[in-house]
Amino acid sequence: MEKAGPPGAHGVPLPMVEQAAVMDLVSAGTEVAAQWRADPQAAAALVREPAAGGELSVDEILDEAVDAAVLTGLPALYEARTAPDPSAAAEFCLDAVPRIALAAALASAGVG
């Protein structure tokens, strides 16, 4: 039986401070994007909390939320581009529309 060593001792490096901050930002943006459609006020609170603590800025979080929304729509647009017929392409485009619309809503959100 092996003894457990300190974290990161088994070949898995621990995140550096900068990496942890980026992971927090991505997580916050993804949560905001997921929550926005169902409850924009709750999503705005998710933006304000870390911003109030000074960990992240409102703009950083909203930018990341926009990125998260766009990245969920891009695969559907790619599939539309490679669809075998116009009807299938239209279906993929329709699937992308609400995701891209969410990105536009987040980009113009006035959370402060």
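Residues numbered from 1 in each chain as written. Predicted model: local features only at pLDDT ≥ 70, side-chain atom pairs only at ≥ 80, totals over all residues. Heavy atoms only, no water.

**Regarding helix H2 (residues 40-52)**
Line of reasoning, step 1. An ideal rise of 1.5 Å per residue puts 18 Å on 13 residues; H2 measures up with 18 Å between its terminal C-alpha atoms.
Line of reasoning, step 2. Every buried residue of H2 is accounted for by Ala-43, Ala-44, Val-47 and Pro-50. The buried residues of H2 occupy an angular sector of 135 degrees when projected down its axis, which confines them to one face. Residues of H2 that are exposed and point over 90 degrees away from its buried face: Gln-41, Glu-49 and Ala-52.
Line of reasoning, step 3. Two residues or fewer past H2, Gly-54 is found with a positive phi of approximately 80 degrees. (Helix = DSSP H or I, 4+ residues; strand = E, 2+ residues; numbered from the N terminus. Expected span 1.5 Å × (residues − 1). Buried < 20%, exposed > 50% of the residue type's maximum accessible area, 1.4 Å probe, protein only. Arc of directions from axis to C-beta.)

**A word on the side chain of Glu-64**
Line of reasoning, step 1. By the element assignment, Glu-64 lies in helix H3 (residues 58-81).
Line of reasoning, step 2. Although Glu-64 is buried, it makes no salt bridge; Arg-99 carries the closest opposite charge, 15 Å away. (Lys, Arg positive; Asp, Glu negative; His and termini not counted. Salt bridge = Lys/Arg side-chain N within 4 Å of Asp/Glu carboxyl O.)

**Section: a nonpolar patch on the surface**
Line of reasoning, step 1. A contiguous nonpolar patch, built from Leu-71, Leu-74, Leu-77 and Ile-100 and spanning about 330 Å² of accessible area, is present on the exposed surface.
Line of reasoning, step 2. Among the elements that line the nonpolar patch, the one with the most residues is H3, at three residues. (Patch = residues over 30% accessible without salt bridge, like charges linked within 9 Å, V, L, I, M, F, W, Y side chains within 5 Å. Areas by Shrake-Rupley, 256 points an atom, 1.4 Å probe, with all protein chains shown as cover.)

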